[in-house]
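Structural description and commentary
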Amino acid sequence: MHTFITAEIGINHNGDLKLAKELIDIAVVAGCDAVKFQKRTVDKVYSKEYLAEPRKSPWGETQRAQKEGLEFGKKEYDEIDAYCREKGIEWYASAWDVDSQKFLQQYCCKYNKVASAMLTKEELLEEIAKEGKYTYIATGMSTFDEIDHAVAIFERYKCSYELMHCNSTYPMMIENANLKLIEVLSDRYHCKVGYSGHEEGTLVSTCAVAAGATSIERHITIDKTMYGSDQKASMEPYELCRLVKDIRETEKLMGNGKKILTAAEEEVKKKLRG
């Protein structure tokens, strides 16, 4: 049993390539299997009216300035691709529009990701599914009917996928974790089911592994007090290291379910039963 652990950098790099590389380094040191980013074509994802609305940020006074300030282009992703290969860690990204998915196709990423917000975007799902890459599909904010429809697209293209149980609140209150849904999703769709968490701390994500999650994804940050909507629901370096350690220990302690007497237990048995 090996739980696939992804450190979600997302937009927590705040448009700073140096910070992105520091976050990659943190994921490597912690022992994560992959890092993940987010890619948007701003004018495709948001309306002109929304982008013109006021929003004060480090990049300007409008929503457009903020959204564009958080986006990496080809130059940055070329460096990220090379840096991850140098560090020996996989990277992939969740695209929020078809053009962004096509942009990502130039890189040899092993995985794709469907963000919860994109689960009902049929054109995007088809663009992803026809690539045939193993895809993590987050299910936050979704009904079973919506998940059924998304799964049908991936089945039609014979694209391997893994659902990810998710509650799309930031940060999520732990009483809303509903980890029993992991088994329900696995039984309903006959596939692996991971967990994408937005809670604070390590407990829920570790318990998710005990509940059967085959992958874990958590947002990471250098400092939760930094600018950004995802920072507070992210893990700082020491938390990420603790999480990976706890997950690896959980994998061991879950065992294989077989009733086997260990050598140490046999010795105790001789003493207590004669």
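Below is a short write-up of the structure. (Residues numbered from 1 in each chain as written. Predicted model: local features only at pLDDT ≥ 70, side-chain atom pairs only at ≥ 80, totals over all residues. Heavy atoms only, no water.)

**Re a nonpolar patch on the surface**
Side chains of M1, L253 and M254 sit close together on the surface and give an oily, nonpolar patch of about 350 Å² of accessible area. Among the secondary structure elements, L253 is positioned in helix α11 (residues 237–254). For L253, a relative accessible area of 63% gives the class exposed. (Patch = residues over 30% accessible without salt bridge, like charges linked within 9 Å, V, L, I, M, F, W, Y side chains within 5 Å. Areas by Shrake-Rupley, 256 points an atom, 1.4 Å probe, with all protein chains shown as cover. Salt bridge = Lys/Arg side-chain N within 4 Å of Asp/Glu carboxyl O. Helix = DSSP H or I, 4+ residues; strand = E, 2+ residues; numbered from the N terminus. Buried < 20%, exposed > 50% of the residue type's maximum accessible area, 1.4 Å probe, protein only.)

**Quick notes on the side chain of H13**
In this structure, H13 sits in the loop between β1 (4–10) and α1 (17–30). Judged by relative accessible area, H13 falls into the buried class, the value being 1%. From its side chain, H13 meets the backbone oxygen of G10 in a polar contact 3.3 Å long. If near-sequence neighbours (up to four positions away) are discounted, H13 is found in contact with L19, A20, L23, F37, L70 and F72. (Polar contact = N/O pair within 3.5 Å; in protein donor to acceptor, adjacent residues only side chain to side chain. Contact = heavy atoms within 4.5 Å.)

**Observations regarding the environment of K192**
Here K192 shows up in the loop between α9 (181–189) and β9 (193–197). With 103 residues separating them along the chain, K192 and I89 place their C-alpha atoms 22 Å apart. If sequence neighbours within four positions are ignored, K192 has contacts with Y134, E162, L163 and T214.

**Some details on the packing of helix α7 (residues 122–129) against helix α8 (residues 144–156)**
It is the contact of α7 with α8, at a shortest axis distance of 9 Å, that shows an interaxial angle of 30°. Here α7 is positioned roughly parallel relative to α8, judged by the angle of their axes. Where α7 crosses over α8, the handedness of that crossing is right-handed. Judged by residue contacts, E122, L125, E126, I128 and A129 of α7 engage H149, A150, I153, F154 and R156 from α8. Partitioning the contact of α7 with α8 into residue classes produces six nonpolar, one polar and three charged. (Axes fitted to C-alpha atoms, helices over the stretch in contact; angles between N-to-C directions. Parallel < 35°, antiparallel > 145°, perpendicular 65-115°, else oblique. Left-handed = near helix turned anticlockwise from the far one by under 90°. Nonpolar A, V, L, I, M, F, W, Y, C, P; charged D, E, K, R; others polar.)

**What to know about the pairing of strand β8 (residues 161–166)**
Of all six residues in β8, six are buried, a share of seventy percent or more. Across four bridges, the pairing between strand β7 (residues 134–138) and β8 is parallel. Its bridge partner lying in β8, A138 is registered against M164. As a crossover connection, the stretch from β7 through α8 into β8 is right-handed. Relative to β9, β8 is paired through four bridges, and the arrangement is parallel. Paired with M164 across the two strands is G194, which belongs to β9. (Pairing = 2+ DSSP bridges. Right-handed = clockwise from strand over helix to strand, strands pointing away.)

**Notes on the state of the cysteines**
Under the defined criterion, the tally for this structure stands at zero disulfides. The thiol of C159 is not disulfide-bonded; the next cysteine sulfur, from C191, is found 12 Å away. Take C159: its relative accessible area is 4%, and that puts it in the buried class. Residue C207 stays outside any disulfide, its sulfur separated by 17 Å from that of C166, the closest cysteine. (Disulfide = S-S within 2.5 Å.)

**Structural notes on the packing of aromatic side chains**
Aromatic rings considered in pairs are described by the distance between their centres and by the relative angle of their planes. Taken as a whole and assessed by the stated rule, the structure comprises 18 aromatic pairs. Here the aromatic rings of Y46 and Y50 are separated by 5.4 Å at their centres, their planes lie at 20°, and the arrangement is stacked. Here Y46 falls in the buried class, since its relative accessible area comes to 18%. Ring-pair connections join several aromatic residues into one group, and the members of that group are F37, F72, Y77, W91, F103 and Y107. Note that K39 overlies the ring of F103, its terminal NZ or CZ placed 4.9 Å from the centroid. Above the plane of the ring of W96 lies R40, whose end atom (NZ or CZ) is 4.0 Å from the centre. (Phe/Tyr/Trp six-rings, centres within 6.5 Å; stacked < 30°, edge-to-face > 60°. Lys NZ or Arg CZ within 6 Å of the ring centre and 35° of its normal.)

**Quick notes on α8**
One turn of an α-helix holds 3.6 residues; hence residues three or four places apart share an orientation. The terminal C-alpha atoms of α8 lie 18 Å apart, and with 13 residues this matches the ideal 18 Å at 1.5 Å per residue to within 8%. I147, A150, V151, I153 and F154 are the residues of α8 that are buried. Burial along α8 is one-sided: seen end-on, the buried residues are contained in an arc of 150°. Structurally, α8 contributes buried residues whose contacts are with β6 (111–114), α7, β7, β8 and α9. Phi turns positive, to about 50°, at K158, one or two residues after α8. (Expected span 1.5 Å × (residues − 1). Arc of directions from axis to C-beta.)

Structural measurements only, silent on function.
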